Amino acid sequence: MNDIRHGDDVAALLSTPVEADVLRRLHRRLEREAEEAGIVDVAYTTIDSPLGKLLLAATPKGIVRLAYASEDHDTVLEKLSERLSPRILRAPQRLAVVAREIDEYFAKQRRTFDVTLDLSLSRGFRQLVQSHLPEIEYGQTRSYRDVAELVGNPKAVRAVGTACATNPLPIIVPCHRVLRTDGSLGGYIGGPEAKTTLLALEAAA
């Protein structure tokens, strides 16, 4: 009887906040030691936002991915492990600056992002387009045709649309500010509701 009671006590202990605190401290230690050893190629975390939970990921070069929950964060992490490196670790401290900047953006306290970007998930023309999107100012919009002219290829209107729709860093690289030539929303990795919300947020500010 005493043994059973002791087992129940252990089970109860493991389900308390004490266990959660121990796990957090162990993970922080793992995160710190992995960083010091230089064995983390992709750090990630998740944050809450008005558009749901967002996944943030960074390499030593900079922020490499922002993903909406609708993209399935597990799938996104799996793809990152395939395309970049399997050495991935949840490391919130590495993403603390960009997390703060995103919070400030949604609070209408920030109009541009100051974090360094890693655009290595895109190639060629898509990367070229995405590298120019931050030139579209907060609260402004441009058409696919405008962006095609901006990057020096006025006939590549459809390719600009694809580059915007596949942007791996939405919000930070503001593809939501690019509309179809007829003024309609066009494709967006977070879906039309997210794009509408971001445009409305900036217009209200």
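- Going by an unreviewed UniProt entry, the protein carries the name Methylated-DNA--protein-cysteine methyltransferase and comes from Pseudonocardia ailaonensis.
- Under Sequence similarities (unreviewed entry), UniProt gives the following word-for-word description of the protein: "Belongs to the MGMT family."

1. Looking at the overall build of the protein
Phase 1 of the analysis: A count of helical and extended segments in the protein gives eight helices and six strands.
Phase 2 of the analysis: A buried classification covers 42% of the 205 residues belonging to the protein.
Phase 3 of the analysis: Across the protein, the fraction of contacts at a sequence separation of at least 24, relative to all contacts at a separation of at least 6, is 62%.
Phase 4 of the analysis: As displayed, the protein offers around 11,300 Å² of accessible surface, 52% of which is attributable to carbon and sulfur atoms.

2. Examining the sheet that holds strand β3 (residues 62–68)
Phase 1 of the analysis: In spatial order, the strands read β3-β2-β1-β4; together these four strands make up an open sheet with mixed pairing. The two strands at the open ends of the sheet, each matched to only one other strand, are β3 and β4 (88–90). Averaged over all pairs of adjacent strands, the angle between strand axes in this sheet comes to 25°, irrespective of strand direction.
Phase 2 of the analysis: Inspection of the sheet shows strand β2 (residues 54–59) paired to β3 by six bridges, in the antiparallel sense. Opposite A58, over in β3, you have I63 as the bridge partner.

3. A look at the packing of aromatic side chains
Between two aromatic rings, the relevant description is the distance of the centres plus the angle of the planes.
Phase 1 of the analysis: Throughout the structure, instances matching the rule amount to four aromatic pairs.
Phase 2 of the analysis: With centroids separated by 6.0 Å and ring planes inclined at 65°, the aromatic side chains of Y68 and Y188 adopt a geometry described as edge-to-face. Residue Y68 is found in strand β3, and its partner Y188 is found in the loop between β6 (178–179) and α8 (192–204); the two are separated by 120 residues along the sequence. Take Y68 and Y188: they sit in the same class, and that class is buried.
Phase 3 of the analysis: Ring centres of Y105 and F106 lie 5.4 Å apart, and the angle between their planes is 75°; this geometry places the pair in the edge-to-face category. Each member of the pair, Y105 together with F106, is buried.

4. Section: the UniProt feature "active site" (unreviewed entry) in the protein
Phase 1 of the analysis: Under the present numbering, the feature "active site" (unreviewed entry) in UniProt falls on C175.
Phase 2 of the analysis: Not counting the four nearest positions on each side in its chain, C175 is found in contact with L133, C164, N167, P170, Y188 and K195.

5. Notes on the environment of D72
Phase 1 of the analysis: In this structure, D72 sits in the loop between β3 and α3 (73–83).
Phase 2 of the analysis: Along the primary structure D72 and L55 are separated by 17 residues, whereas in three dimensions their C-alpha atoms are 9.4 Å apart.

6. Some details on the pairing of strand β1 (residues 42–47)
Phase 1 of the analysis: Burial of β1 is extensive: five of the six residues sit out of reach of the surface.
Phase 2 of the analysis: Relative to β4, β1 runs parallel, the two sharing three bridges. Directly across from V42, in β4, lies its bridge partner I88.
Phase 3 of the analysis: By the bridge criterion, five bridges tie β1 to β2 in an arrangement that is antiparallel. Following the sheet pairing, Y44 is matched in β2 by A57.

7. Quick word on the nonpolar core
Phase 1 of the analysis: Among the nonpolar cores identified, the biggest contains 43 residues, and I102, F106, L133, I171 and I172 are the most heavily contacted of them.
Phase 2 of the analysis: Mapped onto this core, the elements with two or more residues apiece are β1, β2, β3, α4 (96–106), α6 (144–150), α7 (157–165) and α8.
Phase 3 of the analysis: Considering each element in turn, this core owes the most residues, five residues, to α4.
Phase 4 of the analysis: Discounting chain neighbours no more than four positions away, the residues touching I172 are I63, L66, V98, I102, F113, V115 and L117.
Phase 5 of the analysis: The next biggest cluster of nonpolar side chains, apart from the first, holds ten residues, and it includes V42, Y44, L77 and L80.

What counts and what doesn't
Throughout this description, residue numbers start from 1 for each chain and increase along the sequence as written. The predicted nature of this model means local features are confined to residues of pLDDT at least 70 and side-chain atom pairs, given and counted, to a pLDDT of 80 or more, with totals for whole chains, interfaces and linings taken over all residues. Excluded from the side-chain calculation are hydrogens and water; included are all heavy atoms of the structure. UniProt positions are given in the numbering used here, feature names are shortened, and annotations may be inferred rather than shown by experiment. Secondary structure elements follow DSSP: runs of H or I no shorter than four residues count as helices, runs of E no shorter than two count as strands, and numbering proceeds from the N terminus. Accessible area is worked out with a 1.4 Å probe on protein chains only. A residue is then buried under 20% of its type maximum, exposed over 50%, and partly exposed in between. In this description, contact between two residues means that some pair of their heavy atoms is separated by no more than 4.5 Å. To measure how exposed things are, a 1.4 Å probe is used in the Shrake-Rupley method; for residues, cover is taken only from the protein chains shown. If DSSP finds at least two bridges between two strands, the strands pair. Lines are fitted to the C-alpha atoms to define the axes, a helix being fitted only along its stretch in contact, and any angle between axes, read from their N-to-C directions, falls within 0 to 180 degrees. A pair of Phe, Tyr and Trp rings is counted when the ring centres sit within 6.5 Å of each other, with Trp represented by its six-membered ring. The angle between the planes then sorts it: under 30 degrees is stacked, over 60 is edge-to-face, the rest tilted. Buried Ala, Val, Leu, Ile, Met, Phe, Trp, Tyr and Cys residues form a nonpolar core when they are joined through side-chain atoms within 4.5 Å.

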